[in-house]
Structures are given as structure tokens and as C-alpha cells.
Amino acid sequence: MSFSAASPESADATRAVVTAERATGRRRRRRRPTAPAGGPAGRSILAKLTPYLFIAAAVGLLLLLTYLPAANMLWYSVTDWDGIDKQKNFVGLANYIDVFTDPRIFSVFFVSLYYFAGAFVQMAIALYFAALLSTRTRFANLFRGILFFPYLINGVAIGFVFLYLFQPGGTLDTALSWFGMTDPPQWLGDPNVANFSLAGTSVWRYTGMNFVLFLGAIQSIPQDQYEAADIDGANAWQQFWALTFPGIRRIIGLSFILAVAGSLSVFEIPFIMTGGANGTSTFVIQTLQTAFTYRQVGLASAMAIVLLLIVLAVTWIQRRIFPDEKVDLT
């Protein structure tokens, strides 16, 4: 019996063939089938569209409930529609001319001055307490809650509470009688006093909102700035003008916008407490009465557009005075 040994060349060829077959098998195992329609590719498209679907719902509601009614109101403002008839006659700018020439309408702008002045009072009070309670003060959280609590109460409830407070022989008259004031004025019945009473009620209610805004802005200022000022010998008043006021400058500008817009659009408190009587009718109350009592929806729409334009103009002026710039305290 004879044995024949394989040559080195044939062994190398055999190893090369085996290696090639193994590599081919690995490539076949790594090959994946094509994803069917609705698979990962479809899910990736859906994932990209999901944020837009959420935005579409919000934008749709915004267009339906805000911009579309505003567009209709703009169209109503140039007509003489009474809110009932299907026919709307185009009158051009006649309604806007009436807003600024009719004393019955234009005079209510002066009522807003009471609330505008009251807004500055509440801003001053809120700024004072915010600067005071931003430091380590005993019972600081308790006082913060007391100041902010009126803003949480419903405006209608506040109107009824102060209605009993200001009524003849009510809580305020009783308290004043303890100090010898036996003939107090008619707080809501005297046209010379009623607007002061209503503006004071607004100050009590909205001081807490400004207080929270100012407090948050003051607490965002780095404390090392105040520590450096203490080392330099600056007193509390100097620290306020050099550090606190520049740090909350933008918040003060925002509060100014809210003050102007709020003074022009006051509604709840005077409507509940006086119904607009005794010279306390505000622009919003006058607009509602024009639309639903006198059936002049076209004129009322023009009044609403004028109010919107005034607020936008005040906002533009504020942006020019208090631009969005980064506050630098260094």
C-alpha cells in the first residue's frame, strides 16, 4: 500500500477556497431584507410629522377662536350692523370717527386715568415689598403669601366683597366711625369719589401680581453683586439704583405695558360694583353696552379695534424705551 502526500500549492489553494466560502456566507447572513412599506421608513416619516401635528391643533384653535373673530370684527367695524339683521351696510370710517368725536364714547377714556394712576401706585407698593422681602426677613414666606393671595381670588368675588365694604353703613364706614368720622362720603354713589374707590380695589387685587414679577426678577440677580457692594460701603438705596433697578428694568417695562392695557380694559370690578353708573363706565363696559344694549355692533367693533391699536402703540413705544437687551451689571 502506498501513501501520496499533498503538495504545498494544493493546500494553499484549498485554504483560499474555504476562506472565500466563509466570507460569502457572512455577507449573506448580514444582508437584510428591504423594509416593507409602513415599516421603519414609514415610522421615521411619522416621527418627523408628529411635532407638526401637535402644532397644527394649537394653530387651528388659535385661528378659529382668535384670528377669525378678529377678522370678522374688523369687517363689522366698517358696517352699520346691529347684530341681528343679515344685511350689513358698508359705512367706511364713520364708526371710527364717532369713537373720537362722540362725547358719550370718548369721555370714558378719562375714566381709565384713575386706573392708570392706581397701576403706578400698585407697582410702587409691589416694588417696595419685593425689595424688602427679597432679603432674609423673618416670616418672609408668610408675607409673600399675604401679598399674593388677593390676586388668586376671582374678580367677581372681590367685587362683591368690596361692594359690602363700601356700601353706606358698611364695614369701611363702621371702621371710620371708630376714629370719629361720622359723615363719610358715598364711596360708590358720589361720582367724585366712586372712581377712586374702584381704582383702590384694583390696586388691592393686582399688587400681588406685580410683587411676584418683581420678586422673581430681584432674586435672579447674582448675590455676589450685593456682597461686593456691601464691601464697597454702598447702602441699601445705592444698591437699589445701581444693582436692583437695572436688573429688573425689563420687568418694569413689562409691568408698564400691563398697566396701560389693564387700565384701558378694566371690566370686572366696576361692572360688578356699579354697573358703570355714577360716571364709572369704562371703555369695555361702554363697548358692551353699545353692542348689546344699543344694538350698534358695528360701532362697538370699531371701539374694540381702537382699543387694540392703542395697546399695540403703547407696546411699540415700550419696546423702543426698554429694548430687549442683555442686562450687564458688571
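Basis of the calculations
Residues numbered from 1 in each chain as written. Predicted model: local features only at pLDDT ≥ 70, side-chain atom pairs only at ≥ 80, totals over all residues. Heavy atoms only, no water. Core = buried A, V, L, I, M, F, W, Y, C linked by side-chain atoms within 4.5 Å. Buried < 20%, exposed > 50% of the residue type's maximum accessible area, 1.4 Å probe, protein only. Helix = DSSP H or I, 4+ residues; strand = E, 2+ residues; numbered from the N terminus. Axes fitted to C-alpha atoms, helices over the stretch in contact; angles between N-to-C directions. Parallel < 35°, antiparallel > 145°, perpendicular 65-115°, else oblique. Left-handed = near helix turned anticlockwise from the far one by under 90°. Contact = heavy atoms within 4.5 Å. Nonpolar A, V, L, I, M, F, W, Y, C, P; charged D, E, K, R; others polar. pLDDT = per-residue confidence, 0-100. Expected span 1.5 Å × (residues − 1). Bend = angle between axes of the 7 residues up to and from the residue. Polar contact = N/O pair within 3.5 Å; in protein donor to acceptor, adjacent residues only side chain to side chain.

Draft legend 1. How the structure looks around the nonpolar core. Counting 20 residues, the largest nonpolar core has Ala130, Phe211, Phe214 and Ile248 as the members making the most contacts within it. Those elements giving two or more residues to this core turn out to be helix H5 (108-133), helix H9 (191-219), helix H10 (223-231), helix H11 (236-247) and helix H12 (249-264). Sort the elements by how many residues they give to this core and H5 lands first, with six residues. Among the nonpolar cores identified, the runner-up in size contains 17 residues, and Val99, Val260, Leu264 and Val314 belong to it.

Draft legend 2. Quick look at the packing of helix H14 (residues 283-292) against helix H15 (residues 297-321). Contact geometry of H14 with H15 gives a least axis separation of 7 Å together with a crossing angle of 160°. Relative to H15, the element H14 is oriented roughly antiparallel. By crossing handedness, the relation of H14 to H15 is classed as left-handed. Where H14 approaches H15, its residues Phe283, Val284, Gln286, Thr287, Thr290 and Ala291 are matched on the opposing element by Val297, Leu299, Ala300, Met303 and Leu307. Looking at the contact of H14 with H15, its residues break down into eight nonpolar, three polar and no charged.

Draft legend 3. Fine view of the confidence of the model for the protein chain. Taken as a whole, the protein chain shows an average pLDDT of 83; of its residues, 85% reach a score of 70 or greater. Mean pLDDT in the protein chain bottoms out at helix H1 (residues 8-30), which sits at 54, and peaks at H9, which reaches 92.

Draft legend 4. Local environment of helix H6 (residues 140-152). Look at H6: 19 Å from first C-alpha to last across 13 residues, which is about the 18 Å you get at 1.5 Å a residue. Its axis deflected by about 25° at isoleucine 146, H6 carries its strongest bend there, up to four residues before the proline proline 150. Taken residue by residue, H6 has Ala140, Leu147 and Pro150 as its buried positions. In this structure, the buried side of H6 is in contact with H5, helix H7 (155-166) and H9.

Draft legend 5. Representation of the side chain of serine 77 in the model. Of note, serine 77 is situated in the loop between helix H2 (40-76) and helix H3 (94-101). Under the relative-accessibility criterion, serine 77 is labelled buried at 0%. A polar contact of 2.6 Å, which involves the side chain of serine 77, links it to the backbone oxygen of leucine 74. If we skip the residues at most four places from it in the chain, serine 77 touches Gly92, Asn95, Tyr96, Gly298, Ser301, Ala302 and Ile305.

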